[in-house]
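Structural features, examined
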Amino acid sequence: MTAVGSSPAPIGHARIDGVEKVRGTAPYAYEHLTDATYLWPITATVARGRVTSMDTAVAESTEGVVTVLTIDNAPRLADTSDGDLTILQSPEVAYRGQLIGAVVAESPEIAREAAASVTVSYDEAPHDTEFRADHPNRYRPEKVNGGFEPTSESGEPDRILDDPPSGSVVVDEWYSTPEEHNNPMEPHTVVATWAPDEKLLTLYDSTQSTQGVVSALAPVLGLEPAQMRVIAPYVGGGFGSKGSPHSHDVLAAMAAMRVPGRAVKFAVTRQHMFAYVGHRAPTRARLRIAADGDGNITALIHEAHAHSAHAKEFAEQAAVSSRMMYTAPNRRTDHHVVPLDVPPPFWFRAPGEAPGMFAGEVAIDELAHAVGLDPIEQRVRNEPADDPESGKPWSSRQLVRCLREGAERFGWDRRRAEPGTTRDGRQLIGYGVAASTYPHMVNPGNEASISYRDGRYAVRIAATDIGTGAWTALTLIAADALGIEPEQVDLQIGDSALPSGSVAGGSSGTSSWGSAIVTAAQRFRTRFGDAPADGAEVSAKTDENPDLKKFRIASFGAHFVEVRVDVDTGEIRIPRMLGVFSIGRAINPRTVRSQLIGGMTFGISMALLEESVRDPRFGHVVTQDLAEYHVPVHADIADVDAVWLDDPDEHATPMGSRGAGEIGIVGSAAAVVNAVYNATGVRVRDLPVHLDDLLEGLPDQ
């Protein structure tokens with residue numbers, strides 16, 4: 001792997017956990033505690049209404065059934081303020097698929113059969129599950145995801161766009177992304193045990209935050225944090241949905257309390273992954289951009305709309321990236337949500353930025369064509385010297401360099417500006433580009449402990465590796481900070497009993513946990529020197545970094561895509577994709593490259609394949625398996641490569657690194673769509689691209 005502008009870099013360290021995973025000896029959540037009972041859920045089959053009765057007689061008499069939970073006999077929750085976690089407390093049904101009961105049995109087969117025998121009657125009420133931007137009940141939330149204000153405004157954008165100056169070029173279009181569902185290789189799973197004598201609830205949970213599960217669930221269950229322990233040494237992907245507990249964790253905990261001393265295993269089925277564990281809400285965005293004849297943006301308005309849920313509000317921050325991406329003296333962004341009878345949305349693969357920058361980067365491409373500028377030059381011409389939103393200087397904004405060096409590597413000079421004019425036999429060829437950004441986040445409250453014994457250093461923090469390489473990256477950070485070999489480090493993560501560790505989400509994990517480890521290592525050496533005695537130990541919280549307030553810190557990148565479109569069928573293939581990123585120092589090049597390429601693969605999937613279809617008649621998602629909810633296979637992913645600049649950012653973290661987990665996702669779908677336009681002359685503004693969208697751009701046969 002080579003960092004752009006540097007000599008060849010080492011390939012990086014192999015995954016420390018790789019051998020165990022390949023051999024199948026790395027224990028995931030469901031593989032703990034083999035002597036267990038098994039839970040099968042009962043879910044609502046109406047989208048709104050009330051449960052009037054649940055006949056459980058057959059289930060309770062089935063041999064092997066241990067207990068049946070219903071809204072009539074479930075434990076009472078101590079805190080019902082979170083609508084996502086509040087289940088089995090009343091007969092009210094807020095969405096189809098809501099958990100309304102469970103059967104616990106000696107085998108999963110018995111539990112499933114018994115659950116199917118439970119007869120549920122409802123008083124069904126009219127429901128509304130159909131999202132539209134002009135919904136009469138839409139509203140502006142008080143905050144959007146990430147704690148951002150829902151609106152921002154500078155200058156007079158509406159006045160300028162309502163009456164553009166002479167010679168202005170204006171883009172005024174709507175863009176949309178569909179409802180999408182997280183589908184990590186390992187579905188949500190949890191194994192729960194309740195020890196009544198100790199009053200201790202233990203969860204082996206597939207989660208992105210062990211301590212986040214404790215802090216969220218302990219108040220709900222009426223427990224003190226010390227009465228809960230969550231263990232997650234290995235997690236098979238999360239993509240945001242495992243960033244917080246959902247109602248299935250509550251159900252497993254309830255069941256465990258009903259069968260004290262016995263483990264309860266609950267594996268969410270692939271079909272139920274489309275019900276109660278979060279999803280990306282569909283978005284609709286209106287982009288209005290005015291520029292002068294030279295392509296200088298004079299006004300920009302980005303209005304974003306998404307659905308939320310009656311059960312719990314979640315507002316996708318889909319317009320936030322437009323507050324800082326390009327220079328615009330007159331700018332407004334706004335967010336609205338539409339409450340529906342659907343499960344609560346939640347984090348999904350670069351939440352906010354991914355759908356928001358799809359709209360923004362396609363709109364910028366449209367502006368470039370309207371002005372007559374190369375799309376790269378359009379972006380360069382509107383590069384801000386300082387952060388347009390806060391006025392702070394950038395810690396390091398290398399977007400122009402990403403664009404320029406990416407163009408050279410990709411062969412952008414071979415692109416023809418006139419759409420639909422490059423052809424190779426039966427294939428139309430197009431090139432597309434889009435920019436990318438993702439905010440740098442360092443979560444507070446992280447703490448690491450380091451102890452020494454017999455020549456080895458134990459490093460402990462409640463971090464979580466969701467498959468991204470944290471086991472390896474944190475080991476390398478600790479070794480570097482202590483001045484030792486990685487083989488001397490014994491890393492302990494994935495347990496809420498360890499020192500404080502924040503969520504593996506928002507591309508914040510390595511930055512947050514690594515900063516705490518570096519602080520602890522520095523204090524360890526200061527106190528004990530290079531020859532510590534056995535038993536030497538230090539615990540330390542992250543040192544405050546004043547630069548986080550002085551600078552605007554973010555990662556940036558540029559995506560380049562070549563598409564080929566069959567002139568007869570409209571079939572789209574992507575033979576080449578290149579991403580060039582500015583992410584600070586790469587801690588471990590091998591795993592960083594994997595994360596970036598994984599994100600770019602998400603972008604291809606978002607652009608061409610992924611789409612959840614919710615039937616408004618019944619309120620449920622009908623594409624609830626991987627046969628109908630399409631994701632890429634190996635044949636869809638050809639030459640995808642990711643490189644990064646050699647630009648350590650000492651303002652961001654003591655390691656000089658910034659987040660790299662989600663930057664590969666943001667903008668990648670827009671680059672695909674922009675390439676499709678260059679190939680066919682058809683501008684697709686609604687994802688995913690369907691073959692029939694391209695019919696008007698295919699040559700006459």
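Note that the structure is predicted; figures quoted are calculated from it, not measured.

We now examine the packing of aromatic side chains. Between two aromatic rings, the relevant description is the distance of the centres plus the angle of the planes. Using the criterion set out here, one finds 14 aromatic pairs in the structure. Ring-pair connections join several aromatic residues into one group, and the members of that group are F410, W412, Y431 and F560. Between the NZ or CZ atom of R576 and the centre of the ring of F410, over which it lies, the distance is 3.9 Å. Over the ring of Y677 we find R683; its NZ or CZ atom is 3.9 Å from the centre of that ring.

Next up on the list: unusual backbone geometry. At the junction of L687 and P688, the peptide bond is cis and its omega measures out at -10° in the coordinates. Summarising the element assignment, P688 is placed in the segment after α14 (668-680). In this model, L33 sits at a positive phi of 60°, which is unusual for a non-glycine residue. For L33, the position within the fold is in the loop between α1 (18-23) and β1 (36-43). Take L33: its relative accessible area is 34%, and that puts it in the partly exposed class. The phi angle at K199 is positive, at roughly 50°, despite the residue not being glycine. Structurally, K199 can be placed in the loop between β9 (189-195) and β10 (200-205).

This part takes up the pairing of strand β19 (residues 456-460). Among the 5 residues in β19, 4 count as buried, and that is most of the element. As paired elements, strand β18 (residues 447-453) and β19 share 5 bridges and run antiparallel to each other. Bridging across to β19, S451 finds its partner in A458. In sequence, β18 turns back onto β19 through a hairpin of 2 residues, with D454 there showing a positive phi of about 55°. Bridge analysis of β19 against strand β20 (residues 489-492) gives 4 bridges, and the strand direction is parallel. For R460, the partnering residue across the bridge sits in β20 and is Q492. This β-α-β element, β19 to helix α10 (residues 470-482) to β20, shows right-handed connectivity.

Here we take up the packing of helix α13 (residues 589-608) against α14. Direction vectors running N to C along α13 and α14 enclose 50°, while the axes themselves pass 7 Å from each other. Judged on the interaxial angle alone, α14 and α13 are oblique. The handedness of the crossing between α13 and α14 is right-handed. Contacts between α13 and α14 involve G599, M600, G603, I604, M606, A607 and L608 from the first element and S668, A669 and V672 from the second. Residue classes in the contact of α13 with α14 are distributed as 7 nonpolar, 3 polar and no charged.

It is worth spelling out the sheet that holds strand β5 (residues 99-105) at this point. Strand pairing in a sheet relies on backbone hydrogen bonds. The paired strands run either parallel or antiparallel. If you trace the 7 strands from one edge of the open sheet to the other, you get β3-β5-β1-β12-β9-β10-β11, paired in mixed fashion. On the outer flanks of this sheet lie β3 (65-69) and β11 (228-231), each paired with one strand and no other. Recorded for the sheet is a direction-independent mean angle of 20° between the axes of neighbouring strands. Alignment of β9 against strand β12 (residues 263-267), held across 4 bridges, turns out to be antiparallel. By the bridge assignment for β12, A192 is matched with V264. Those strands touched by helix α3 (residues 108-116) are β1, β3 and β5, and its axis lies near 25° from that of β1. Against the sheet, helix α5 (residues 210-221) touches β10 and β11, its axis set at about 145° to β11.

Reading the values: rules and limits
Residues numbered from 1 in each chain as written. Predicted model: local features only at pLDDT ≥ 70, side-chain atom pairs only at ≥ 80, totals over all residues. Heavy atoms only, no water. Phe/Tyr/Trp six-rings, centres within 6.5 Å; stacked < 30°, edge-to-face > 60°. Lys NZ or Arg CZ within 6 Å of the ring centre and 35° of its normal. Helix = DSSP H or I, 4+ residues; strand = E, 2+ residues; numbered from the N terminus. Buried < 20%, exposed > 50% of the residue type's maximum accessible area, 1.4 Å probe, protein only. Pairing = 2+ DSSP bridges. Right-handed = clockwise from strand over helix to strand, strands pointing away. Axes fitted to C-alpha atoms, helices over the stretch in contact; angles between N-to-C directions. Parallel < 35°, antiparallel > 145°, perpendicular 65-115°, else oblique. Left-handed = near helix turned anticlockwise from the far one by under 90°. Contact = heavy atoms within 4.5 Å. Nonpolar A, V, L, I, M, F, W, Y, C, P; charged D, E, K, R; others polar.

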